[in-house]
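Chain residues, written in single-letter form:
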Amino acid sequence: MKQLVLISFLCFFNLNFSQTNSKTQTIHVFVALCDNVNQGIVPVPAKLGNGQDPKNNLYWGAMYGVKSYFKRSKDWTLVSSTENPETHILERILFKHTTTNTYLLADAYDGKYIKQTTKDFLEATAGRNPITIKKGNKNLKFGGNANLLTYIGHDGLMEFDITGNFEPIDDKNRDAIILACVSKDYFKPYLTLTKANPLVWSTGLMSPEAYTLKWALDGWVKDETDLEVKNRAAEAYNYYQKCGIKGAKRLLVTGY
């Protein structure tokens, strides 16, 4: 019995020691809420496509939305939720990974401001617009200071162009995951300017739901290769969409 108690204590101590001494990594997710009225999309059911209602939105509060899906995950713990933290952002949530010092900040942008969402994401991939979130004695770096930047939502670049500050401010390596339809074609000219690494993006039409991101992050937090992370994303997409793994691997790709 004493041996079991000692083993349990050592396991707990080693886990906490590892987290305390491991490097802090940050992920910033920019979500353009699905919006039937203000986006050029094939309409979804009205409750899911209200871009001003994060609670029920397809990409946020619905079953496979970012907030709902990550809240159900055993790998992530919800730290905080804030309504209207900034202009155009309806809700901001912070998660911590359960076994690593990795934090995920997700912003739900009002769907009618999809252009602003896209611009904010792209400028962040250039290292711009840093955000600091204080948690205890930690100053967590997001925005342009995050290690991984993610966009989820409709590919608004199909309808509009964007101007912004896309020249990188330094030579820091920033990964990007872009879950939107045909994102490789439409985002490539911008990521070429910002010098971000396209970890996962798409070659065709897709449903940008949170399971694809979650499975990709499972590999990213383990410091897997870009190809391994991309393959995890494809496996998730096939698992939920039943599209065939070959098709999923053609749809979700990595690199230029």
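A few points on the structure.

Parameters and conventions
Residues numbered from 1 in each chain as written. Predicted model: local features only at pLDDT ≥ 70, side-chain atom pairs only at ≥ 80, totals over all residues. Heavy atoms only, no water. Phe/Tyr/Trp six-rings, centres within 6.5 Å; stacked < 30°, edge-to-face > 60°. Helix = DSSP H or I, 4+ residues; strand = E, 2+ residues; numbered from the N terminus. Buried < 20%, exposed > 50% of the residue type's maximum accessible area, 1.4 Å probe, protein only. Lys NZ or Arg CZ within 6 Å of the ring centre and 35° of its normal. Polar contact = N/O pair within 3.5 Å; in protein donor to acceptor, adjacent residues only side chain to side chain. Contact = heavy atoms within 4.5 Å.

**Section: the packing of aromatic side chains**
A ring pair, where both rings are aromatic, is described by two values, the distance of the centres and the angle of the planes. Enumeration according to the criterion identifies 19 aromatic pairs in this entry. Ring geometry for Phe-70 against Phe-95: centres 6.0 Å apart, planes inclined by 50°, an arrangement best described as tilted. With a gap of 25 residues between them, Phe-70 in helix 2 (residues 66–72) and Phe-95 in strand 3 (residues 89–97) connect regions that are remote in the sequence. For the pair formed by Phe-70 and Phe-95, the shared burial category is buried. Aromatic rings pair up to connect Tyr-64, Tyr-69, Phe-70, Trp-76, Phe-95, Tyr-211, Trp-215, Tyr-239 and Tyr-240 into one cluster. Taking the ring centre of Tyr-103 as reference, the NZ or CZ of Lys-96 above it sits at 5.7 Å.

**Some remarks on the side chain of His-154**
Mapping His-154 onto the fold places it in the loop between strand 7 (148–152) and strand 8 (175–179). Within polar-contact distance, the side chain of His-154 engages the side chain of Glu-159 at 3.0 Å. Each residue touching His-154, except ones within four places of it in the same chain, is listed here: Gln-39, Gly-40, Ile-41, Tyr-59, Ile-114, Glu-159 and Ala-180.

**Some remarks on helix 5 (residues 210–220)**
For helix 5, the buried fraction is high: 10 of the 11 residues fall into the buried class. Those residues of helix 5 lying buried are Ala-210, Tyr-211, Thr-212, Leu-213, Lys-214, Ala-216, Leu-217, Asp-218, Gly-219 and Trp-220.

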